[in-house]
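Summary of the model geometry
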Amino acid sequence: MDERLCPLIPDDAYTRLTAMRLAHELPGHTVEDAVQIVTIGSADLETASQLNVSIGDPVAKVQRIAVDQHGDIILLANGIYRGDMMKIEVKLR
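Everything in this summary refers to the structure shown in the same document. A quick note: this is a predicted structure, and the numbers were derived from the prediction, not measured.

Considering the pairing of strand β3 (residues 73–82)
As defined by bridge partners, strand β2 (residues 58–68) adjoins β3 across 9 bridges and the pair is classed as antiparallel. Bridge assignment links Lys61 to a residue of β3, and that residue is Ile80. A loop of 4 residues connects β2 with β3, the two strands running antiparallel in sequence, and Gly71 in this loop sits at a positive phi of about 85 degrees.

Quick word on the pattern of salt bridges
With the rule as written, the count across this model stands at 4 salt bridges. Notably, a salt bridge pairs Asp84 with Arg82, separated by 2.8 Å at the nearest N-O pair. Looking at Asp84, the relative accessible area reads 55%, which means it is exposed. Lys87 serves as the salt-bridge partner of Glu89, at 3.5 Å between the closest nitrogen and oxygen. Of the two residues, Glu89 and Lys87, both sit in the exposed class.

Examining the nonpolar core
Soluble globular proteins tend to bury their nonpolar side chains together. By size, the foremost hydrophobic cluster in this structure holds 10 residues: Leu5, Ile9, Ala13, Leu22, Ala23, Leu26, Ala66, Ile74, Leu75 and Ala77. Listed by contribution, the elements that provide at least two residues to this core are α2 (19–24) and β3. Element by element, the count of residues in this core is highest for β3, at 3 residues.

Reading the values: the criteria
- Each chain carries its own residue numbering, running from 1 in the written order of its sequence.
- Per-residue local features of the predicted model are confined to residues with pLDDT of at least 70, and side-chain atom pairs are confined, for both listing and counting, to 80 or more; whole-chain, interface and lining totals are unaffected and use all residues.
- Excluded from the side-chain calculations are hydrogens and water; all other atoms, namely the structure's heavy atoms, are used.
- Following DSSP output, two strands are said to pair if at least two bridges run between them.
- Strands here are runs of E lasting at least two residues and helices are runs of H or I lasting at least four, both read from the DSSP assignment and numbered beginning at the N terminus.
- For this document, the term salt bridge refers to a Lys or Arg side-chain nitrogen within 4 Å of an Asp or Glu carboxyl oxygen.
- Burial here depends on accessible area, computed with a 1.4 Å probe over protein chains only, as a share of the maximum for the residue type. Under 20% is buried, over 50% is exposed, and the range in between is partly exposed.
- The nonpolar core is taken to be a set of buried Ala, Val, Leu, Ile, Met, Phe, Trp, Tyr and Cys residues, with the residues joined through side-chain atoms within 4.5 Å.

Shape is all these values report; function is a separate question.
Below, the structure written as C-alpha cells:
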C-alpha cells in the first residue's frame, strides 16, 4: 500500500482482508484500474527454502497493481506461489 494511505487502514484490516480488498475499501479513493501479472518461473535457492520446494521447481510470480481515480498507484503487491498450489481462472468472452 502507498505508505501515505496507511493511516486510513484500521490495524485489524491487515489480518482480515487481502491487499486488493484493502485498496478497494480505502476511504476517498476509488480503484479505477487494476492489473495482475502472472509469470511462471523456477524457484531459486531463497524461494525454494521459503516455499519448501526444490530448487528449480515451478513457481508463479504474481504482481498486482491498483491505480486510483487520480492516477496514483495505491497498491503494488508482489507474491510468489508454489507451482503445485497455483490455479489461474480467467473468464474469456
